[in-house]
Structures are given as C-alpha cells and as structure tokens.
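# Results of the structural survey
This is what each chain is made of:
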Amino acid sequence: LILCYDFLGNIKNLNNFFSIVSKILKYDGSIICQHHYGPSLLKNLTLDRIYPEHLNYLSITTLNKISLKHNLIIQKINFFEKKNFFNIQISKNKKKIYKKKIKLILKKEKKINMYNLKYFLNEIEKIKTKLSALLKNQVYKNHIIYGFGSSIGALPLILYFKLEKKISFLLDD
C-alpha cells in the first residue's frame, strides 16, 4: 500500500513518479492518492485552495492517462468537501474496476474548456472589485483588520487581492 496524501501537486515529473510506483507496486497492492480536484476548484471558485507551491491541479482524466501509461488502473474514486478534493485508489489489478463512475467523471471532464477558466477569473475579479470598494469605504478606512482562520488557505487570497499591507494581524488556531 502506497499512500500519497496531498503531495501529488508538488511532484515535478508525474510520469517519473508513476513509473517508479508501478515498478514497486505488487499486483494486489494499491496506491491511494488524496489531493485537490482541479475542475472543482474552478467551478466552486475555491481560490483559497490554490497554493503557490503546487505545480499540479489534477483531473481524473490526467490521472487516468498517466495510470494507463504505466500499466495501472483506477479502481475507485471518492470526492469530498464539495468535490474540491478526491481520494483515488489505483492498482495493477484489473478485476475490481468501477467503470461506470469513472466513465461518467471522464465524460464530465471533457466538457471543461476555456469558458470555465474565464468564468473563474471573471467571478474572482467581481469579488476583487467588491472587496476593493469595501476597503476604500471611509467607514472602514481607519480600522485595524484582523484575519481569523487558516493562514495557509488565506495566503492565496491575501496575495491575489493584495491585502498584505491592509491586514494588521492574522490569527490561526
């Protein structure tokens, strides 16, 4: 059993990684990967899940192509947190395959195009405009701004919306 918890996005050469995994993995073994699901990040406007250190935001189509190239096959897929994350089981064993679910996901992913990216960028720009107007409002001009919550999730938001000089304190549990 090979567990890959939230680091596929940091791997520079996924083909090399899956080549090594396919050599190590026994026929009855599995690789279980958990990571951000790229298509849902676009759909759900989840800018707080886009981290500067990640090189990859994966679709199941990408993982399916890489897996097949290295004689591996997707066994099972589960999505969680509004489909912003996936848990996927990949193996050499071609007996227990959830073909219907995988085919449905691959079919949905084929519909993703530049419109989805443009929609994402347009919606994020609307949020940026509203936030900018709010921060320029005289009512809030002389207030100290505190940020509460996950600092790692806040980082992309702070950088994208250029809030680094506007937030006085960022508190995390």
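About the thresholds
Residue indices begin from 1 for each chain and proceed along its sequence in written order. Residue-level local features of this predicted model are given only where pLDDT is at least 70; pairs of side-chain atoms are given and counted only at 80 or more, and the full residue set underlies all totals for whole chains, interfaces and linings. Note: side-chain values were computed over all heavy atoms of the structure, leaving out hydrogens and water. Per-residue accessibility, obtained with a 1.4 Å probe over protein chains only, is compared with the maximum for each type, and a residue is labelled buried under 20%, exposed over 50%, and partly exposed between these values. Secondary structure elements are taken from DSSP: a helix is a run of H or I of four residues or more, a strand is a run of E of two residues or more, and numbering for both begins at the N terminus. Two strands pair if DSSP finds at least two bridges between them. Orient the strands so they point away from the viewer, and a crossover whose first-strand-to-second-strand path over the helix runs clockwise is right-handed. Helices are assigned an expected span. That span is 1.5 Å times one less than the residue count. By definition, the arc is the one covered by directions from the helix axis to the C-beta atoms. We call two residues in contact when some of their heavy atoms are within 4.5 Å. Here, axes are lines fitted to C-alpha atoms. For helices the fit covers the stretch in contact, and angles between N-to-C directions go from 0 to 180 degrees. Pairs were defined over the aromatic rings of Phe, Tyr and Trp, the Trp ring being its six-membered one, requiring ring centres within 6.5 Å. Orientation was assigned from the angle between planes: stacked under 30 degrees, edge-to-face over 60, tilted for the rest. The rule is simple: put a 1 Å grid over the protein atoms alone, call a set of points where a 1.4 Å probe fits but cannot get out a cavity, call an open set with protein on both sides within 12 Å along at least five of seven lines a pocket, and count a residue as lining if it has an atom within 4 Å of a point. Grid points are joined across faces, edges and corners, and a volume is the space filled by probe spheres set on the points. Under this grouping Gly is polar, as are all residues other than the nonpolar Ala, Val, Leu, Ile, Met, Phe, Trp, Tyr, Cys and Pro and the charged Asp, Glu, Lys and Arg.

### A few points about the pairing of strand E2 (residues 30–36)
The element E2 is extensively covered by neighbouring structure, given that six of its seven residues are classed as buried. Note: strand E1 (residues 2–5) against E2, four bridges, orientation parallel. Within the sheet, the bridge partner assigned to Leu 3 lies in E2 and is Ile 32. Handedness of the crossover is the feature at issue here: the chain leaves E1, passes through helix H1 (residues 14–24), returns alongside E2, and the resulting connection is right-handed.

### Thoughts on helix H4 (residues 99–110)
The first and last C-alpha atoms of H4 sit 16 Å apart over 12 residues, in line with the 16 Å expected at 1.5 Å per residue. Within H4, the full set of buried residues consists of Ile 102, Ile 105, Leu 106 and Glu 109. Buried residues of H4, viewed axially, fall in a sector of 100°; they line one side. Relative to its buried face, H4 has exposed residues pointing more than 90 degrees away, namely Lys 100, Lys 103, Lys 107 and Lys 110. Looking at the buried side of H4, the elements it contacts are helix H2 (38–43), helix H3 (60–69) and strand E3 (73–80).

### Side note on the sheet that holds E1
What the four strands build is an open sheet, ordered E1-E2-E4-E3; its pairing is mixed. Because the sheet does not close on itself, it has two edges, and the strands there are E1 and E3. Averaged over all neighbouring strand pairs, the angle between strand axes comes to 10°, with direction disregarded. The sheet contact formed by E3 and strand E4 (residues 85–91) spans seven bridges and is antiparallel. Note that in E4 the partner of Phe 79 across the bridge is Phe 86. Strands E1, E2 and E4 of the sheet are contacted by H1, whose axis makes an angle of about 155° with E1.

### Focus: unusual backbone geometry
In this structure, Asn 71 takes a positive phi of about 60° despite not being glycine. Following the sequence through the fold, Asn 71 ends up in the loop between H3 and E3.

### Comments concerning the packing of aromatic side chains
In total, this model carries four aromatic pairs according to the counting rule given. Relative to Phe 18, the ring of Phe 17 has its centre 5.4 Å away and its plane inclined at 90°; by these criteria the two rings are edge-to-face. Taken as a pair, Phe 17 and Phe 18 share a single burial class, namely buried. Taking 5.6 Å as the distance between ring centres and 15° as the angle between the ring planes, the aromatic pair formed by Phe 80 and Phe 85 counts as stacked. Pairwise contacts between aromatic rings join Phe 7, Phe 17 and Phe 18 into one cluster.

### Comments concerning the layout of surface pockets
Over the atoms rolls a probe the size of a water molecule, and in doing so it shows where empty space is left. In this structure, the largest pocket occupies an estimated 560 Å³ of space. Taken together, 19 residues form the lining of the largest pocket, with Pro 39, Ser 40, Lys 43, Lys 108 and Ile 112 sitting closest to its centre. For the lining of the largest pocket, the secondary-structure elements that each account for two or more residues are H2, H4 and helix H5 (114–136). Among the elements that line the lining of the largest pocket, the one with the most residues is H4, at five residues. In terms of residue class, the lining of the largest pocket is made up of nine nonpolar, three polar and seven charged.

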